[in-house]
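# Tertiary structure, described
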Amino acid sequence: MASAQSQEDQVLEEETSFVRILTLNRPRQLNALSAQMGKGRAFCAGGDVAAVVRGINEGAKFFSKEFILNYLMATYTKPQVSILNGIVMGGGAGVSIHGRFRVATENSVCNTALFLVIKVFAMPETALGLFPDIGASYFLSRLPGFFGEYVGLTGARLDGAEMRACGLATHFVPSSRLALLEEALYKVNSSDPAVISAVIDKFSLEPYLKDHSAYHWMDVIDKCFSRRTVEEILSALESESTNRADAWISDAIQSLKKASPTSLKISLRSIREGRLQGVGQCLIREYRMVCHVMMGEVSKDFFEGCRAILLDKDKNPKWKPSKLELVNDNMVDQYFSKINDDRWEDIKLPARSNLPATAIAKL
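Going along each chain's sequence as written, the residues are numbered from 1 onward. Owing to the predicted nature of the model, reporting of local features is limited to residues with pLDDT of at least 70; listing and counting of side-chain atom pairs is limited to 80 or more, with chain, interface and lining totals taken over all residues. In computing side-chain properties, one takes all heavy atoms of the structure into account and sets aside hydrogens as well as water.

Per an unreviewed UniProt entry, the recorded name for the protein is 3-hydroxyisobutyryl-CoA hydrolase 1, and the organism is Citrus sinensis.

Right, dumping it as structure tokens:
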């Protein structure tokens, strides 16, 4: 991938021994994805949605390119090792979770390699009036139980240990061993996933899951987030909160109440449909949903969320519809329908044939 030119190189490229290193280089924007793509304290804080809002037509093209890149990564035969450095949100997950190896650590580390180091992972789209996209309905729906619904709807932040526990990360390597891991990976003259996994295994350990982690309460998460509707999920959580004072439950309730009602409903349906679809099908459907969001025919919550959170930063979005009960099934259905407008055609993913199982079954 050749780095594109704008005011500066937004993707830095380097080849070392048998490894190609791609470094995201928009540190001031927390490496938010742009059409040109970044380095800094964040690995990637997601797509540059503020820029998308400023130009709808260009925004559609951005999402199209982003989703095609996600698909190419998900079906890429050469192993990608991701050591996620800092904040990993939204689109940042798209350029890492679809890779073969995802290495987590306990700290954010100043590391500028193709290898990506996880400190915080989150899918905060429902708070912006969007929904977990970039193929998230594929990988969230494949997490244990209904943990994907919990993460996708609430935008809960996961640390490296939680990512390893739920399977979003394939390995956990202490930050003190990262330099040695990278040095070892540089020397691997093989694209065999088993060989690369064995190298990472030498530096890996099973991390300590903090006592307050919601992952300890998978029985409660499954009980609540397996419900058919968002309203039923919220009611189940509120019922649980009367019997226990766990912080993660109250945080989940508050997150659901602050999020866009429309976003919550289309997000839940998207993740549920993702359980029965391949990554390509998920990306095609999610692109269709993004187009409906950008058109704003049912709700303009995405623009309001960006205004309140990213532009004016008053953190007080005025959602319309304002309540879950005002978002009916017909409104949700529209987000999943084909758009009869040549300007908003379904995304066309590149043909990928004769792929080995490891290229399409990475989660």
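## Notes on the pattern of salt bridges
For this document, the term salt bridge refers to a Lys or Arg side-chain nitrogen within 4 Å of an Asp or Glu carboxyl oxygen. Tallying each qualifying case throughout the model produces 19 salt bridges. Residues Asp246 and Arg244 are paired through a salt bridge, measuring 3.3 Å at the closest nitrogen-oxygen approach. Only protein chains enter the accessibility calculation, which uses a 1.4 Å probe; a residue whose area is less than 20% of its type maximum is buried, one above 50% is exposed, and one in between is partly exposed. On the basis of relative accessibility, which here comes to 28%, the residue Arg244 falls in the partly exposed class. A cluster of three or more residues bridged by salt bridges with shared partners is formed by Lys223, Glu240, Arg244 and Asp246.

## Observations regarding the packing of aromatic side chains
Stacked, edge-to-face and tilted are the three classes for Phe, Tyr and Trp ring pairs, Trp counted by its six-membered ring, which pair at centre distances within 6.5 Å; planes under 30 degrees apart are stacked, over 60 edge-to-face, the rest tilted. Across all of its chains, the model carries 8 aromatic pairs by this definition. Considering the side-chain rings of Phe63 and Phe67, the 6.2 Å spacing of their centres and the 75° angle between planes classify their relative orientation as edge-to-face. Residue Phe63 and its partner Phe67 are both found in helix H2 (residues 56-74); the two are separated by 4 residues, about one turn of the helix. Exposure class is identical for Phe63 and Phe67. Each is buried. Both rings, one in Phe147 and one in Tyr150, keep their centres 5.5 Å apart while their planes meet at 45°; by these two values the pair is tilted. Taken together, the residues span about one helical turn, with Phe147 and Tyr150 both in helix H5 (residues 147-154) at a distance of 3 residues. Only DSSP runs of H or I covering at least 4 residues are called helices, and only runs of E covering at least 2 are called strands; the numbering of each starts at the N terminus.

## Quick notes on the packing of helix H9 (residues 218-225) against helix H10 (residues 230-241)
Here an angle of 0 to 180 degrees is reported between the N-to-C directions of two axes, which are lines fitted to C-alpha atoms, with helices fitted over the stretch in contact. Where H9 meets H10, the axes come as close as 8 Å, and the angle between the chain directions of the two elements is 140°. Classified by the angle their axes make, H9 and H10 are oblique. Only Ile233, Ala236, Leu237 and Glu240 of H10 make contact with H9, whose side of the interface consists of Val220, Lys223, Cys224 and Phe225. Each residue gets one label: Ala, Val, Leu, Ile, Met, Phe, Trp, Tyr, Cys and Pro are nonpolar, Asp, Glu, Lys and Arg are charged, and the others, such as Gly, are polar. Class assignment for the residues of the contact of H9 with H10 results in 6 nonpolar, no polar and 2 charged. An angle counts as roughly parallel when it lies under 35 degrees, as roughly antiparallel when it exceeds 145, as roughly perpendicular when it falls between 65 and 115, and as oblique in every other case. Note on definitions: a residue-residue contact is assigned when non-hydrogen atoms from the two residues lie within 4.5 Å.

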